[in-house]
Amino acid sequence: MSLEAKIPAGPLAEKWSKHKFNLKLVNPANKRKYDVIIVGTGLAGASAAASLAELGYNVKAFCFQDSPRRAHSIAAQGGINAAKNYQNDGDSIYRLFYDTIKGGDYRAREGNVYRLAEVSVNIIDQCVAQGVPFAREYGGLLDNRSFGGSQVSRTFYARGQTGQQLLLGAYSALNRQIHLGKVKMYTRTEMLDVVTIDGQAKGIVTRNLTTGQIDTHTGHAVLLCTGGYGNVFYLSTNAAGSNVTAAWRAHKRGAFFANPCYTQIHPTCIPVTGDHQSKLTLMSESLRNDGRVWAPKTVEIAEQLRKGQIKADQVKEEDRDYFLERKYPSFGNLVPRDVASRNAKEMVDEKRGVGGSGIAVFLDFADAIKRLGQEAVAAKYGNLFDMYYQITDEDPYKQPMRIYPAVHYTMGGLWVDYNLSTNVPGLYALGECNFSDHGANRLGASALMQGLADGYFVIPYTLGDYLATIGPKPVDGNHPAFEKTKQEVLTYINKLLALKGTKTVNEYHRDLGHIMWEYCGMARTEEGLTKAKGMIQALRADFWKNAIVVGENEEVNASLEKAGRVADFLELGELMVDDALMRKESCGGHFRLESQTEEGEALRDDEHFAFVGAWEYKGDNQPEVLNKEMLDFEFVHLTQRSYK
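Keep in mind it's a predicted model, so treat the numbers as computed, not measured. (Residues numbered from 1 in each chain as written. Predicted model: local features only at pLDDT ≥ 70, side-chain atom pairs only at ≥ 80, totals over all residues. Heavy atoms only, no water.)

(A) Spatial organisation of the environment of His438. With respect to the helices and strands, His438 occurs in the loop between β18 (427-429) and α13 (447-470). Here Tyr409 takes part through its side chain, which lies 3.3 Å from a polar atom of the side chain of His438. Looking at His438, its side chain comes within polar contact range of the side chain of Gln450, at 2.7 Å. (Helix = DSSP H or I, 4+ residues; strand = E, 2+ residues; numbered from the N terminus. Polar contact = N/O pair within 3.5 Å; in protein donor to acceptor, adjacent residues only side chain to side chain.)

So, in structure tokens, the structure goes:
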């Protein structure tokens, strides 16, 4: 099927403004006649709910936490990009656009990315007005720091708590609308399916996580703002509850899933220590502003470090390999995340890793402390240093942090057009839930930017265009489609509850994670991916025979919740492998060992793979069909990425 991105014609800088003018409008008196469902209340969901309610729409917002303040958005610690050029160092909207297109390895749409850069400047003003306590310079102006993938300082931050502070701003705006009665908030409620009537999304089916009650909810449109699917790898920086269920159930109702193999591995995470862990902890990329990444120059010194015979500060300067500074002198430690991650893996593969496991490199602040003083370093990163100390019992002021890449963000997601609409009319996807703005890799400090851009500045315009088209006639909650979908959900729940085997759901999740990390992680090969596909199919078949799910539906049942999410991950994992097998090139976070330059960098194949791969569900245990949206580059020249 042909995918129409609906990107407006005309000059890049005029596309969004012209498009806004051409969109249909809903007059203020009619807005109160429309019901909008929003699933997920992180940055994208909370900002969308607050904005749409402020416009006059009736909003129903759902989250599975006990409060929107628990959304995983708080974990984006380091900052948010905006092309304000406060530092007067050459930044501009076009430069942010170019850095983002290049950082995504030329696998994102020009129109979407330029709009993201364009509205970034408005996000900062919006958040300052909400009281977000961004860091400020001595003169009172907002401060900026640099992040990977750019040579300017454009990242606004609130110490190492930026995501949390931004979420509190959106949450306060959301709470105002709840108080005014324009948003009805459903907490501890999980979406389990989308209801479609005549091919249009008209509602959802939910489960109350406290009582087990299954309900249906009507709406003129459904907005999914449910984050990414990094927990398919079991160990990731995502909150343990983060999952793909809402997006995956929508996919099975017809929404295309785009670029699922595009996974971002974050280079600065606390390394794995054993099978007892349920998640990993991110050390913000902002640390690479002042921290220097290094590994021992020789295997012998690395072995001495691993055995505890010497300490890091005893390694002489000439015996240290500051490998990012050596290989990428122009960007140094601020290369994009995919580049930094692959190079850290290379050090470990060469047996030059550190720590007891040997699967880590150092992030060293000795030079920064000597240059700036410990007090200044603590002012910038104090909470991150404290977190590292609490987890590792090692003082990063006195010895280098040990870091290693871990799964962090997923660039794939539900396919959407320029209006953030999936191919199912009435069903929208915002933030990390969609695929649209990052390409094959995400630059740091752009996840917060995309979530708030979608919620505050894009969907309030584009949703109205659809609603004006369908009209304000109430959705009939008694339509047979609602009861039919509800019964299908109940049947599925009972199928899960009937599993009385001997292996826990968590064990299946861990097994899947091992397969995904080993064969579909930082480096991928055709042989490994083919092997992984068979292993996932066998694991999924075993799940439906030997898994155990305890308890009943009519109660708090974490076993049942987890079972449904892991069942979805088992299906998604195979699609990710299929997507990685299909894409016989390297680009950004998707690194095929068969496709690399002589210097070991990702080698794209623009002739054959300059497209978005959007997968169409065809039924249980049936191969999915690939649909291609060709990417046209009118304003940037496709070149081999270089950060040297």
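Anyway, onward from the coordinates.
(B) Main features of the pattern of salt bridges. Applying the stated rule across the entire model yields 45 salt bridges. A salt bridge links Arg70 to Asp66; its shortest N-O distance comes to 2.6 Å. Connected through shared salt-bridge partners, Asp105, Arg107, Asp338, Arg342, Arg583, Glu585, Arg604, Asp606 and Arg641 make up one network. (Salt bridge = Lys/Arg side-chain N within 4 Å of Asp/Glu carboxyl O.)

(C) The packing of helix α4 (residues 93-103) against helix α5 (residues 110-129), seen in detail. Close contact between α4 and α5 brings their axes to 8 Å; oriented N to C, the two are set at 135°. Comparing their axes, α5 and α4 come out oblique. In this structure, α4 meets α5 at a crossing whose hand is right-handed. Taking contact as the criterion, the partners of Ile93, Tyr94, Leu96, Phe97, Thr100 and Ile101 in α4 are, on α5, Glu110, Val113, Tyr114, Ala117, Glu118 and Ser120. (Axes fitted to C-alpha atoms, helices over the stretch in contact; angles between N-to-C directions. Parallel < 35°, antiparallel > 145°, perpendicular 65-115°, else oblique. Left-handed = near helix turned anticlockwise from the far one by under 90°. Contact = heavy atoms within 4.5 Å.)

(D) Up close: the packing of α5 against α13. Their axes nearest at 9 Å, the elements α5 and α13 cross at an angle of 80°. The angle between the axes of α5 and α13 places the two elements in the roughly perpendicular class. For the pair α5 and α13, contact is made by Arg115, Leu116, Val119, Ser120, Asn122, Ile123, Gln126 and Cys127 and by Met449, Gln450, Leu452, Ala453, Tyr456, Phe457 and Val458, respectively. For the contact of α5 with α13, the residue count by class is 10 nonpolar, four polar and one charged. (Nonpolar A, V, L, I, M, F, W, Y, C, P; charged D, E, K, R; others polar.)

(E) Summary view of the nonpolar core. Ile80, Leu223 and Phe543 are the most contacted members of the largest nonpolar core, which totals 151 residues. For this core, the element with the most residues is helix α17 (residues 558-582), which contributes 13 residues. In contact with Leu223, not counting residues within four places along its chain, are Val36, Ile37, Ile38, Val39, Ala48, Leu52, Tyr428, Leu430, Ile459 and Leu463. Counting 28 residues, the second largest nonpolar core, distinct from the first, contains Ala295, Phe323, Phe331 and Val335. (Core = buried A, V, L, I, M, F, W, Y, C linked by side-chain atoms within 4.5 Å. Buried < 20%, exposed > 50% of the residue type's maximum accessible area, 1.4 Å probe, protein only.)

(F) Quick peek at the side chain of Ser67. Tracing the sequence through the fold places Ser67 in the loop between β2 (58-62) and β3 (80-81). Under the relative-accessibility criterion, Ser67 is labelled buried at 15%. The residues contacting Ser67, other than those within four sequence positions of it, are Tyr171 and Thr187.

(G) Quick look at the sheet that holds strand β17 (residues 413-414). Pairing is antiparallel in the open sheet, where four strands are placed in the order β17-β11-β21-β22. If you trace the sheet from one side to the other, it starts and ends with β17 and β22 (625-630), each paired once. Here strand β21 (residues 611-616) pairs with β22 via six bridges, running antiparallel. In the strand pairing of β22, Glu616 is matched with Val625. (Pairing = 2+ DSSP bridges.)

(H) Just the packing of aromatic side chains, in detail. The full count for this structure, using the stated rule, is 24 aromatic pairs. Considering the side-chain rings of Tyr86 and Phe156, the 5.6 Å spacing of their centres and the 75° angle between planes classify their relative orientation as edge-to-face. Note that Tyr86 is positioned in the loop between β3 and α4 and Phe156 in strand β5 (residues 153-156), a separation of 70 residues in sequence. By relative accessible area, Tyr86 is classed as partly exposed at 41%. Between Arg442 and the ring centre of Tyr409, over which it is positioned, the NZ or CZ distance is 4.3 Å. The ring of Phe611 has Arg583 sitting right over it, with the charged end atom 4.9 Å from the ring centre. (Phe/Tyr/Trp six-rings, centres within 6.5 Å; stacked < 30°, edge-to-face > 60°. Lys NZ or Arg CZ within 6 Å of the ring centre and 35° of its normal.)

(I) Unusual backbone geometry, seen in detail. One non-glycine residue, Asn85, adopts positive backbone phi at about 60°. We classify Asn85 as partly exposed; its relative accessible area is 25%. The backbone phi angle of Lys351 is positive, close to 70°, even though this residue is not glycine. Positionally, Lys351 belongs in the loop between α10 (337-349) and β15 (361-364). For Lys351, a relative accessible area of 54% gives the class exposed.

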